[in-house]
Amino acid sequence: MNILRVHRHWKQFRLHCERQKQCVLRVSLFCTLLLIILGACGSLELARAQQTQARPVVVQPGAPGQPSKILPSSTQGVLPPQSAADTAFMQGMIVHHAQAVEMTAMIPSHTNNKDLHTLGARISRSQSDEIDFMKCWLAARGEAVPKPMMGMPMSHDSMTMMPGMLTPEQMDALRKAKGAEFDHLFLVGMIQHHNGALTMVRDLFNTSGAGQDAELFNFATDADNTQRAEIRIMQNMLKKERPEEK
Amino acid sequence: MSRTSHPYLFTLAVALIVCFGIYRAQSQSTQPANPSQSQTEGQKAATPSAAQKNKGDDEEDLFAPEPAPALPPGMTGSDPNDPRAKLSAGLYNAGEISMGMKHLLWLKKPDAFQLGTSNPDDPKVQKIMGQLGMGNNPKIPKAAHLVIAQLAFANSDLAFQGNHLFQGNFYGISMYDISDPAKAHLLTSLVCPGGQGDVSVYKNLLFMSVEMPNGRLDCGVQGFPPEPPQPESKDSQQPKKRHIPVAQKDRFRGVRIFDISDIQNPKQVAAIQTCRGSHTHTLVVDPNDKDNVYIYVSETSFVRQSEELAGCSDEKPDENPNTSLFRIDVIQVPLAAPQDAKIVSSPRVFMDARTGAINGLNNGGTHGKNGLKKPVDTNQCHDITVYSALGLAAGACSGNGILLDIKDPVHPKRVDAVNDPNYSYWHSATFSNDGTKVVFTDEWGGGLGARCRANDPNKWGADAIFHLKDDKLTFSNYYKLPAAQSDTENCVAHNGSLIPVPGRDIEVQAWYQGGVSVMDFTDPSHPYEIAYFDRGPIDAKMLVLGGFWSAYWYNGYIYGSEIARGLDVFELTPTKFLTQNEIDAAKSVQLADLNVQDQPKIEWPANLVVAKAYVDQLSRSQALSARQISQLRKAIQSAETSHMNKKKVAKLQKMAPRLDKDAATAKNPSDSMRMHELADVLKRLSAAA
């Protein structure tokens with residue numbers, strides 16, 4: 001395309017020059033330029049040819065012992081099917097996590113325990129981050145994003161209670177407690193709460209076709225690990241408080 | 001590189017339109033997708049006008065990151081005034097900055113590991129939309145998949161052999177020719193999904209980790225069909241019946257073995273199933289066993305049902321002593337018949353030696369009195385680094401860092417375990433070359449979160465450097481990326497490798513979107529940064545997963561595996577922290593292959609390049625007088641210009657005893673060691689014949 005255009009310009013230029021009869025120098029200059037450009041084009045072509053030599057292949061191996069298939073170079077990635085259980089898991093976990101955030105929000109006004117403040121900061125941070133992540137995941141897939149209301153008493157309806165969530169009575173008791181009593185109820189309650197999340201993850205993966213979404217898989221696995229670590233920290237804190245209790 | 005895409009504007013538009021679409025979908029939906037949601041739906045129904053009023057701001061914020069909470073008392077964060085803190089955003093045109101590193105090459109992810117197109121009018125887009133379950137919603141912009149599917153095609157870890165680089169991906173493996181690192185090019189895209197594609201290579205065998213439920217024995221990309229929607233049952237008490245069994249005989253979770261004798265036509269020779277798949281794996285080469293290699297399998301995800309793989313159980317140890325939790329698996333790979341590879345042991349590395357309890361680490365005991373559930377223990381390793389030259393392995397095992405004696409590789413024995421109050425998740429480990437230190441990493445937040453903000457404590461999500469002596473680990477200090485990162489950059493300590501500069505302990509490390517940081521931990525109580533590279537966030541308004549998974553040194557170059565952006569190649573450049581001589585000495589170490597978690601012991605040649613590196617270090621630390629340094633440099637120079645003339649070399653060698661003597665009175669152990677090493681190099685110098 002470019003070459004054609006250059007050619008056309010060149011013709012016009014020559015016509016113009018013949019009329020003017022005074023531009024031999026210009027013509028030769030132009031020719032030199034053209035040669036340089038063509039030369040550059042040529043070396044580009046050469047480079048492209050060299051690239052073709054080392055053309056990458058797309059290979060899909062077969063099962064062990066089976067031959068591999070060469071796929072077309074135009075092959076692009078596809079995703080495994082999405083599962084309704086994935087969506088339900090994310091929606092349920094948002095509600096579940098929201099309660100943990102609500103619990104940690106009580107810490108500053110209910111206890112002076114430094115360790116619990118640190119722990120609360122960690123839990124609040126990880127759970128809020130995870131809520132954000134889950135909301136994004138749902139929103140990006142066009143799924144409904146639940147909006148749990150903080151501080152609203154929850155009903156006993158098993159439909160609204162995800163595994164491990166504290167009952168309204170437990171939450172009330174926590175709100176009313178102060179100092180060492182709060183510390184204890186918080187730790188016991190949060191361990192129960194976190195264990196519920198572990199149950200939710202197990203149920204998810206025990207559903208056919210669920211958890212094949214990479215983001216969800218990674219999230220559920222990491223959330224599981226984070227909660228296990230936090231459970232362990234809380235159990236150690238409970239062990240420490242024990243001598244003081246008695 | 002001129003790019004015409006505008007990811008920033010585009011993603012903003014995506015976020016706005018998607019959220020609007022969601023709101024519409026929500027208000028139109030007549031029935032919740034799931035009972036657990038009915039409460040929320042109920043609330044919405046109760047106050048529809050309020051919800052409607054707020055929806056604009058509310059929904060738009062969904063993709064926006066929340067600001068970091070205030071620092072906990074007594075904690076400090078990373079530096080918000082570092083030039084890395086405010087780089088401009090972009091998938092392919094983000095701002096870049098480096099110190100002590102030159103960016104030589106950047107290769108974008110191969111097409112086979114991309115969803116395809118950034119052009120919304122591409123006819124392929126509709127198909128992709130359908131796969132995502134988004135095909136029917138016209139309000140969701142077609143190219144939203146770019147954001148959604150990041151992780152399904154994420155690049156992961158690296159392995160090296162000769163002139164080949166193997167880059168794992170959740171969807172397969174990319175194989176590159178790196179004979180000229182600045183002109184590295186793709187040879188093969190091996191398609192075989194299942195995440196996370198951790199890779200190792202040994203001779204003609206390439207190993208790959210698979211853990212996700214979509215992994216298939218035949219490397220198929222179709223995964224497994226989801227359960228169809230349940231018909232509405234009037235009796236809500238009746239348990240749901242599954243239509244599709246969860247167990248699938250074609251599913252694969254474990255370690256695959258490929259034969260790469262022909263690198264452009266790799267073949268799967270074996271696939272060893274494990275109960276929890278393989279999150280990472282570690283190649284173990286036993287110096288006393290020439291017929292086999294071993295694979296330590298670190299399994300972190302869910303235990304599959306025994307209907308799918310016999311013997312698998314996620315029960316607690318007191319319920320089932322053969323639980324699949326609380327162990328690692330050891331695969332033996334016969335080199336003459338890799339197809340016969342199998343699990344030969346499942347060591348209980350968390351066992352309490354005194355009580356015999358298999359959940360012996362951090363067992364919190366039971367608190368039955370208050371109705372508390374049984375404690376959950378350290379039940380998995382995330383990654384294990386073996387150092388066969390020492391007969392040791394360092395395991396980063398969720399709640400603990402552990403030290404294993406691996407002299408009998410099939411039966412590793414735990415010899416020490418540590419924990420740390422600031423650690424969330426023990427992720428990986430690196431030994432110093434002399435085996436006196438171990439750097440552990442804490443992957444706080446699993447790598448998906450922004451954890452390097454100015455308000456994130458720099459003891460959280462950091463490296464923890466331990467002294468190692470007589471099989472005992474003792475904590476020394478933390479190191480975290482010193483530059484604060486934005487709240488749209490996932491960032492936490494991740495994979496790194498040693499840079500073989502003699503006389504110093506230096507590690508290059510990936511910090512996801514925090515970039516690459518090179519750290520000196522010669523003095524483990526004062527680690528500091530000596531070089532870095534960083535790109536701005538993929539997006540300024542929302543966190544899009546990306547950044548460096550691994551950054552490893554291999555034969556003179558640093559290779560960075562970028563999750564979303566591809567593969568980067570770097571070279572170190574001299575600064576006040578690192579001289580050209582030190583870089584050259586590191587480059588003089590050439591390995592035939594490198595699997596970073598099978599840590600090789602580095603031996604430096606006795607030559608002038610290495611000597612010059614030591615002299616530079618002794619000059620920097622002023623361990624020797626200026627006069628002595630200048631004499632050494634002159635003597636080295638004249639030996640070099642004389643092409644190792646016998647006389648000149650002999651003169652240089654005469655300087656060795658003095659160095660050994662001075663070493664005894666050196667200010668610190670590092671300088672003392674350098675003097676001895678330098679003396680040793682000089683003594684071993686060989687003159688020209």
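Our structure is the block above this text.
Not measured: the values here are computed from a predicted model.

## Quick notes on the overall build of chain A
The secondary structure content of chain A amounts to seven helices and two strands. Per-residue burial for chain A yields a buried fraction of 52% across its 246 residues. At a minimum sequence separation of 6, the contacts of chain A that also span at least 24 residues come to 75%. On chain A, roughly 11900 Å² of surface is accessible, and the fraction owed to carbon and sulfur atoms is 60%.

## Regarding the overall build of chain B
A count of helical and extended segments in chain B gives 11 helices and 30 strands. Looking at chain B as a whole, 59% of its 689 residues are labelled buried. Summarising the internal contacts of chain B: among those between residues at least 6 apart in sequence, 63% fall at separations of at least 24. Working note: accessible area of chain B is about 26700 Å², and carbon and sulfur atoms make up 52% of it.

## Focus: the nonpolar core
Generally speaking, nonpolar side chains in soluble globular proteins are found buried as a group. One finds Phe89, Met90 and Phe219 of chain A to be the most contacted residues of the largest nonpolar core, which totals 61 residues. Counting residues per element, this core draws most heavily on helix H4 (residues 114–140) of chain A, at eight residues. Contact partners of Phe89 of chain A, with chain neighbours within four places excluded, come to Met200, Val201, Leu204, Leu216, Phe219 and Ala220 of chain A. Listed in part, the 27 residues of the second largest apolar core include Leu608, Ala639, Leu659 and Val681 of chain B.

## Things to note about a positive patch on the surface
Residues and elements named next belong to chain B. A surface patch of positive charge is lined by Lys634, Lys647, Lys648 and Lys651. Among the elements that take part in the positive patch, helix H9 (residues 646–653) stands out by supplying three residues, more than any other. With respect to the secondary-structure elements, Lys647 resides in helix H9. Given a relative accessible area of 71%, Lys647 falls into the exposed group.

## Concerning unusual backbone geometry
All names here are of chain B. Here the amide bond leading from Gly195 into Gln196 is cis, since omega sits at -10°, within 30 degrees of zero. With respect to the helices and strands, Gln196 occurs in strand S7 (residues 196–202). For Asp470, which is not a glycine, the phi torsion comes out positive at approximately 50°. Of note, Asp470 is situated in the loop between strand S21 (463–469) and strand S22 (472–479).

## Overview of helix H8 (residues 626–641) of chain B
Residue and element names in this part refer to chain B. Compared with the 22 Å implied by 1.5 Å per residue over 16 residues, the 22 Å span of H8 between its first and last C-alpha is a close match. Among the residues making up H8, those that are buried are Gln628, Ile629, Leu632, Ala635, Ile636, Ser638 and Ala639. Taken together, the buried residues of H8 touch helix H7 (608–620), H9, helix H10 (656–663) and helix H11 (669–684). Following H8 by one or two positions, His643 adopts a phi angle in the positive range, close to 55°.

## Quick word on the state of the cysteines
What the rule picks out here adds up to four disulfides over all chains. The connectivity of the disulfides in chain B is 1-2, 3-4, 5-6, 7-8, where the numbers refer to bonded cysteines in sequence order.

## So, the sheet that holds strand S14 (residues 342–345) of chain B
All names here are of chain B. The antiparallel open sheet is built from four strands, whose spatial order is S11-S12-S13-S14. The open sheet has two edge strands with one neighbour each: strand S11 (280–284) and S14. Taking the axes of each pair of neighbouring strands and ignoring which way they run, one obtains an average angle of 35° across the sheet.

## Describing the pattern of salt bridges
Residue and element names in this part refer to chain B. Applying the stated criterion to the full structure yields 30 salt bridges over all chains. The closest approach of N and O atoms between Glu308 and Arg251, which form a salt bridge, is 3.0 Å. With Glu308 in the loop between strand S12 (292–298) and strand S13 (329–334) and Arg251 in the loop between strand S8 (205–210) and strand S9 (254–259), this pair connects stretches of sequence that are 57 residues apart. With a relative accessible area of 17%, Glu308 lands in the buried category. Across the pair Asp416 and Lys472 runs a salt bridge whose closest N-O atoms are separated by 3.4 Å. Here Lys472 lies in strand S22 and Asp416 lies in strand S18 (residues 413–418), a separation of 56 residues in the sequence. Taking the relative accessible area as the measure of exposure, Lys472 reaches 47% and is therefore partly exposed. Taken together, the shared-partner salt bridges connect Arg216, Asp218, Lys249 and Asp250 into one network.

## Concerning the packing of aromatic side chains
All names here are of chain B. Counted under the stated rule, the structure contains 23 aromatic pairs over all chains. Judged by centre distance (4.5 Å) and plane angle (55°), the ring pair of Tyr423 and Trp426 falls under tilted. For Trp426, a relative accessible area of 0% translates into the label buried. Relative to Phe475, the ring of Phe466 has its centre 5.7 Å away and its plane inclined at 75°; by these criteria the two rings are edge-to-face. What makes Phe475 partly exposed here is its relative accessible area of 35%. One aromatic cluster is present, built from ring pairs that chain together Tyr423, Trp426, Phe440, Phe466, Phe475 and Tyr478. Across from the ring centre of Phe224, 4.7 Å away, lies the NZ or CZ of Arg251, which sits over that ring.

What counts, and at which threshold
Residues numbered from 1 in each chain as written. Chains lettered and ligands numbered in written order. Predicted model: local features only at pLDDT ≥ 70, side-chain atom pairs only at ≥ 80, totals over all residues. Heavy atoms only, no water. Helix = DSSP H or I, 4+ residues; strand = E, 2+ residues; numbered from the N terminus. Buried < 20%, exposed > 50% of the residue type's maximum accessible area, 1.4 Å probe, protein only. Contact = heavy atoms within 4.5 Å. Areas by Shrake-Rupley, 256 points an atom, 1.4 Å probe, with all protein chains shown as cover. Core = buried A, V, L, I, M, F, W, Y, C linked by side-chain atoms within 4.5 Å. Patch = residues over 30% accessible without salt bridge, like charges linked within 9 Å, V, L, I, M, F, W, Y side chains within 5 Å. Salt bridge = Lys/Arg side-chain N within 4 Å of Asp/Glu carboxyl O. Lys, Arg positive; Asp, Glu negative; His and termini not counted. Charge placed at Lys NZ, Arg CZ, Asp CG, Glu CD. Expected span 1.5 Å × (residues − 1). Disulfide = S-S within 2.5 Å. Pairing = 2+ DSSP bridges. Axes fitted to C-alpha atoms, helices over the stretch in contact; angles between N-to-C directions. Phe/Tyr/Trp six-rings, centres within 6.5 Å; stacked < 30°, edge-to-face > 60°. Lys NZ or Arg CZ within 6 Å of the ring centre and 35° of its normal.

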